[in-house]
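Chains, contacts and geometry: an overview
Chain residues, written in single-letter form:
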Amino acid sequence: MGAAESRDLEISDSESEEEEQQSEEEEEENYEDVKDHHSPSKTPTKTPSSVDEIDAKLKALKLKYQSKNQTLKNAVKLYIHTGGNTAQSKWVVADKISSYSFVKTTMEEDGDDEEGDEDLYWFLKVGSKVRSPVDQQLQLKPIMDQRRIDFVSNGVYAMKFFSIEDYKVFIDQYEKCLFENTYGFECTDENKAKVYGKDFVSWANPEAADDSMWEDAEDSFSKSPAFKTPVRANHDLREEFEEAAKGGSIKSLALGALDNSFLVSDSGIQVVKNFSHGIHGKGVYVNFDSSMKGHTESTPRKALLMKAETNMLLMSPMRSGKPHTNGLHQFDIETGKVVTEWKFAKDGTDITMRDVTNDSKGAQMDPSGSTFLGLDDNRLCRWDMRDRHGIVQNLVDTNTPVLNWTQGHQFSRGTNFQCFATTGDGSIVVGSVDGKIRLYSITSMRQAKTAFPGLGSPITHVDVTYDGKWILGTTDTYLILICTLFTDKDGKSKTGFSGRMGNNISAPRLLKLNPLDSHRAGVNNNFRGAQFSWVTEDGKQERHLVATVGKFSVIWNFQKVKDGSHECYKNQMGLKSCYCYKIVPKDDSIVDSRFMHEKFAVTDSPEAPLVVATPMKVSSFSISSRLSYA
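Description of the structure in this document.

Calculation rules
- Residues numbered from 1 in each chain as written.
- Predicted model: local features only at pLDDT ≥ 70, side-chain atom pairs only at ≥ 80, totals over all residues.
- Heavy atoms only, no water.
- Helix = DSSP H or I, 4+ residues; strand = E, 2+ residues; numbered from the N terminus.
- Contact = heavy atoms within 4.5 Å.
- Areas by Shrake-Rupley, 256 points an atom, 1.4 Å probe, with all protein chains shown as cover.
- Expected span 1.5 Å × (residues − 1).
- Buried < 20%, exposed > 50% of the residue type's maximum accessible area, 1.4 Å probe, protein only.
- Disulfide = S-S within 2.5 Å.
- Pairing = 2+ DSSP bridges.
- Axes fitted to C-alpha atoms, helices over the stretch in contact; angles between N-to-C directions.
- Polar contact = N/O pair within 3.5 Å; in protein donor to acceptor, adjacent residues only side chain to side chain.
- Phe/Tyr/Trp six-rings, centres within 6.5 Å; stacked < 30°, edge-to-face > 60°.
- Lys NZ or Arg CZ within 6 Å of the ring centre and 35° of its normal.
- Core = buried A, V, L, I, M, F, W, Y, C linked by side-chain atoms within 4.5 Å.

1. Focus on the overall build of the protein chain
- Of regular secondary structure, the protein chain possesses nine helices and 41 strands.
- A separation threshold of at least 6 residues defines the contact pool for the protein chain, and within that pool the share at least 24 residues apart is 59%.
- Summed over its atoms, the accessible surface of the protein chain is roughly 28,800 Å², and 47% of this surface lies on carbon and sulfur atoms.

2. A look at helix 3 (residues 164-183)
- Taking 1.5 Å of rise per residue, the 20 residues of helix 3 would be expected to cover 28 Å, and the 29 Å separating its terminal C-alpha atoms lies within 8% of that figure.
- Within helix 3, burial applies to Tyr 167, Phe 170, Ile 171, Tyr 174, Cys 177, Leu 178, Phe 179, Glu 180 and Asn 181.
- On its buried face, helix 3 sits against strand 3 (90-105), strand 4 (121-126), strand 6 (141-143), strand 7 (148-152), strand 8 (156-161) and helix 4 (189-196).
- The positive-phi residue at the C-terminal boundary of helix 3 is Gly 184, with phi of around 90°.

3. Examining the state of the cysteines
- Under the defined criterion, the tally for this structure stands at zero disulfides.
- Just so you know, Cys 568 is unpaired, no disulfide at all, and the nearest cysteine sulfur is the one on Cys 578, 4.1 Å from it.

4. Focus on the sheet that holds strand 39 (residues 592-595)
- Here four strands make up an open sheet; going across it, the order is 9-41-40-39 and the pairing antiparallel. The open sheet has two edge strands, strand 9 (240-244) and strand 39, and neither has a second partner. When strand polarity is set aside, the average angle formed by the axes of neighbouring strands in this sheet is 15°.
- Here five bridges tie strand 9 to strand 41 (residues 617-621), and the two strands are oriented antiparallel to one another. Looking across to strand 41, one finds that Ala 244 is bridged to Lys 617.

5. A word on the environment of His 597
- For His 597, the position within the fold is in the loop between strand 39 and strand 40 (610-614).
- Residue classification places His 597 among the buried positions, given a relative accessible area of 5%.
- Separated by 61 residues in sequence, His 597 and Thr 536 place their C-alpha atoms 8.1 Å apart.
- Residue contacts for His 597: discarding those within four places in its chain leaves Ala 257, Met 365, Trp 534, Thr 536 and Ala 608.
- Among the polar contacts listed, one links the side chain of His 597 to the side chain of Thr 536, at a separation of 2.6 Å.

6. A word on the sheet that holds strand 26 (residues 437-440)
- One open sheet accounts for four strands, arranged 24-25-26-27; its pairing is antiparallel. Two strands close off the open sheet at either side, each with one partner strand: strand 24 (417-422) and strand 27 (450-452). Sheet twist, expressed as the mean angle between neighbouring strand axes with direction ignored, is 20°.
- Pairing geometry for strand 26 and strand 27, over three bridges, is antiparallel.

7. Here's the deal with the packing of aromatic side chains
- Applying the stated rule across the entire model yields 22 aromatic pairs.
- Ring centres of Phe 170 and Tyr 174 lie 6.4 Å apart, and the angle between their planes is 10°; on these two criteria the pair is classed as stacked. Highlighted residues: Phe 170 and Tyr 174, both in helix 3, separated by four residues, approximately one helical turn. Like Phe 170, the residue Tyr 174 is buried in the burial classification.
- Here the basic side chain of Lys 141 rests over the ring of Tyr 579, its NZ or CZ set 4.5 Å away from the ring centre.
- Taking the ring centre of Trp 405 as reference, the NZ or CZ of Lys 346 above it sits at 5.0 Å.

8. A word on the nonpolar core
- If you look at the biggest cluster of nonpolar residues, it comprises 29 residues, and the most contacted ones within it are Leu 479, Leu 481, Val 554 and Trp 556.
- The residues contacting Leu 479, other than those within four sequence positions of it, are Leu 472, Gly 473, Thr 474, Arg 509, Leu 510, Leu 511, Phe 527, Ala 530, Ala 547 and Trp 556.
- In this structure, Trp 203, Ile 471, Ile 482 and Leu 510 belong to the second largest nonpolar core, which totals 27 residues.

Function cannot be read off these values alone, since they describe shape.
Dropping the structure here:
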């Protein structure tokens, strides 16, 4: 199944004016027709006898139309999108003349009583058809050159403003209401400084931001060595390979950089073969029945490859519906057996972990690796499967062995860690519930070198490039791309993992779906698991970003997102947002979407195949460099 480009159905100014005049004319004609239909004698319709009469009638209609606008505060023309994703999809006028307002009220009521401010919330109202809280769920997309705002509110709507001044007034009001709803206090320069901090002025006022670091990094693509993998004969770069799930519904995906990849399902692990054109059957399936020691009723929610991809750590099932677990299983891929069940403990006390990850981007290919990283709400640590005296623990011991806490920190409170990832050298990026993203060097887990402020939405997943220069955070409604580069006092270029970035930090960029695609994605239309394509070698640059949204895999071209002159960014107010992407639709909700390792790229396609897993099958296909982004 090929990738579909993002698109906007344009509502042109000339089209709007013609519709407005035609609507007025049709109203009068329909009114006359109704009167004639019910009258006993029908009078023939008069035909204007000259061009002057036609001109006079058009001017009268224009004046009539303008007078309506002038008497209505915050006047807009409201459109609604109909037809879904079919050939008949189009914008239809919902209200020829309507008005919008921002109303501060409770979640249940429309009153604007200011008593009890802590219970009040800003809502956007448009006529009688739209009433929605001002938050990121609106998926609001401004289009300045059309004086237009698209958004989602039990359907997809567009507001057309009658002047650019009206459009800018709306944007200003919306941003202030969004800030207050998000942070709980009025949008002022003082309060922005409290939220973002003095070092992040560009985040609060992106129009004045210095984008030089983004521009300096753009030439990294041209320096990236070309891929050498040959193209097989008659290979179609958009050809898709599918593999049906065996043994139950697929729950997670573990891609290998060597010979095999793995599909973790309800009852076991399905082994598939890696090829330059994707992944498909090897015919090997290992059941959990006897080896998971009574846990066959719950599927491990994460699989982590280790020891040159001969071993796999399986994150134990959730306990009491919470994402925290107190242990994991070590699975030997070569023998097809679980060799031990590890327990998390520190100083003799059992503890829990929310997530685990490899020591670095390429650590799973290290045959001697015995350590991995763990994360909990207020813990960041490194675990070792050997004991502190350097002797490997007895894996056949009848008692559950305890992992050795070798490095880390247990924070007192307030960090609310949720997800993490590592760079090529082992530096760590951590995302939090409050939206903050912290950077830790390879030498210390106690103090973050840099802490980026949140934009109000929890970070549910985080990834980082191999070189540590770019961070990609996932929230429910947008992705946030951060440049970590800065110039130190000696004029040297560094990343935020190695030192304090100071107050010359670039503003982030947001990656979003346009409202129409967000609505098409379905009820479960939150972003999940955004990550860069997979590079594990110095000097090579990741080329694409991919995220999952319901039944869509959404792909961005990394170089275009970086490019400050890109079409998406023209005439934007606030943080730059990129809506230029490709969509790979599926018939079922997607479990995971990930690019294979760079070694599986082919010459004619500068990217390795994309693997998309749904509950009942996994498919893969290559992306041609010839395919453009909208």
